[in-house]
Amino acid sequence: MTKFDDAFIERSFELTSPPKRRNFWRYFLIGIGLALLFLPVVNGNGMGLPRPALIAIPAAFALGIMGGVAAMTRRQRSRRQIVMAAWDGVQLEEWDKAEKAVSESLDRPLATPADRCQAYLALAAILERKRKYEAALQIYGKLLIHRIGDPYQLQHVQIAMTAAKFRNEELTDAIQMLDRIEKFPMPLTMRALVSWTRLYQQVFMGQFEDAIKDLEETRQLFRRYLSTRAGYTYALFAKALHQTGRTDLAAKYWHDATLLIEPERLMEEYPFLLPIPATYPHAEVPI
């Protein structure tokens, strides 16, 4: 497996940057060449060549260019598929698949800022999985500073950066960032991620009553927009409910959490959930 260290991250940002200036001159020279080839046909100047040749040569040249463009489009589509495979691996927590795809996607230029951002979001998620929060924060910072990605993705980057700061125990910065992000207009999918981050902060910092203040409303948001990842939020609710003495509800939420995600995975992600696994039964067959 590739070693995702600081040197890899710095090198990959150089390798994935699209060569804009080089492409401009390439297209400019191609345009000049086409103009020179078609000019004799337009002016009726045969340059000593038969008329069929004057037509066939520029046509062949144009077909060659079209073939090159088609080949480039196929390469870009293939690169995008690798990026999406990396992201799908992260979403499905198939980490070996995600790491392999990320390594393949970051070794040469990526055509669009959106593709680059998606690849780096996948890499940052892998690093967070390995508890390498400083490296993940380095990636998020570069994406935001250089505005790599579309507005929706950059909003995602800000939320992910805030969550990583909490994990890295940069609590003051994380809380300030979260307070600012909560004021932004955003789609409900993003709102669910922000609410998840706020819930994590409240449970991690022992603000259990605040964590369950709008329990049912927040649960509906998570269930609708987080899919199986809602299991992580149910586990956080179970911890808050247990700490506030609502044991029946805590048992229900822990069961719902382990119906979506295995207890071992929940504990790996949130070690502070103790003593929940020893207190309440988990679902026998996770989805």
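Residues numbered from 1 in each chain as written. Predicted model: local features only at pLDDT ≥ 70, side-chain atom pairs only at ≥ 80, totals over all residues. Heavy atoms only, no water.

**Some points on the environment of Asp210**
With respect to the helices and strands, Asp210 occurs in helix α10 (residues 208-211). On the basis of relative accessible area, Asp210 is assigned to the partly exposed category, the value being 44%. C-alpha separation for the pair Asp210 and Arg198, spaced twelve residues apart in sequence, amounts to 9.9 Å. (Helix = DSSP H or I, 4+ residues; strand = E, 2+ residues; numbered from the N terminus. Buried < 20%, exposed > 50% of the residue type's maximum accessible area, 1.4 Å probe, protein only.)

**Regarding the side chain of Gln201**
Following the sequence through the fold, Gln201 ends up in helix α9 (residues 188-204). There is a polar contact of 3.1 Å between the side chain of Gln201 and the side chain of Gln207. (Polar contact = N/O pair within 3.5 Å; in protein donor to acceptor, adjacent residues only side chain to side chain.)

**Focus: the packing of helix α5 (residues 113-129) against helix α7 (residues 151-167)**
Two packed helices can be described by the angle between their axes and the distance between those axes. Between α5 and α7, the shortest axis-to-axis distance is 11 Å and the interhelical angle comes to 15°. Relative to α7, the element α5 is oriented roughly parallel. The handedness of the crossing between α5 and α7 comes out as left-handed. Facing Pro113, Ala114, Cys117, Gln118, Leu121 and Glu128 of α5, the residues of α7 in contact are Gln153, His156, Val157, Ala160 and Ala164. Counted by class, the contact of α5 with α7 contains seven nonpolar, three polar and one charged residues. (Axes fitted to C-alpha atoms, helices over the stretch in contact; angles between N-to-C directions. Parallel < 35°, antiparallel > 145°, perpendicular 65-115°, else oblique. Left-handed = near helix turned anticlockwise from the far one by under 90°. Contact = heavy atoms within 4.5 Å. Nonpolar A, V, L, I, M, F, W, Y, C, P; charged D, E, K, R; others polar.)

**A look at the nonpolar core**
Nonpolar side chains tend toward joint burial in soluble globular proteins. By size, the foremost hydrophobic cluster in this structure holds 42 residues, and its most contacted members are Trp196, Phe237, Trp254 and Leu266. Taken together, the elements giving at least two residues each to this core come down to α7, α8 (171-181), α9, α10, α11 (215-225), α12 (230-243), α13 (247-260) and α14 (263-269). The biggest single contributor to this core is α12, with nine residues. Discounting chain neighbours no more than four positions away, the residues touching Leu266 are Gly231, Tyr232, Ala235, Trp254, Ala257, Thr258, Ile261 and Leu273. In terms of nonpolar packing, the next biggest core, distinct from the first, is built from 39 residues, Ala98, Cys117, Ala125 and Ile139 among them. (Core = buried A, V, L, I, M, F, W, Y, C linked by side-chain atoms within 4.5 Å.)

**Some words on the environment of Ala125**
Its place among the elements puts Ala125 in helix α5. Not counting chain neighbours up to four residues away, the residues in contact with Ala125 comprise Val90, Trp95 and Tyr140.

**Notes on the pattern of salt bridges**
Counted according to the given criterion, the structure contains 18 salt bridges. In this structure, Arg198 and Asp179 form a salt bridge, with 2.7 Å as the shortest nitrogen-oxygen distance. In this pair, Arg198 sits in helix α9 while Asp179 sits in helix α8, placing the two residues 19 residues apart along the sequence. Residue Arg198 is classed as buried on the basis of its relative accessible area of 15%. We classify Asp179 as partly exposed; its relative accessible area is 33%. Across the pair Arg219 and Asp256 runs a salt bridge whose closest N-O atoms are separated by 3.2 Å. A residue pair is termed long-range when its members are at least 10 positions apart, and Arg219 in helix α11 and Asp256 in helix α13 qualify at 37 residues. (Salt bridge = Lys/Arg side-chain N within 4 Å of Asp/Glu carboxyl O.)

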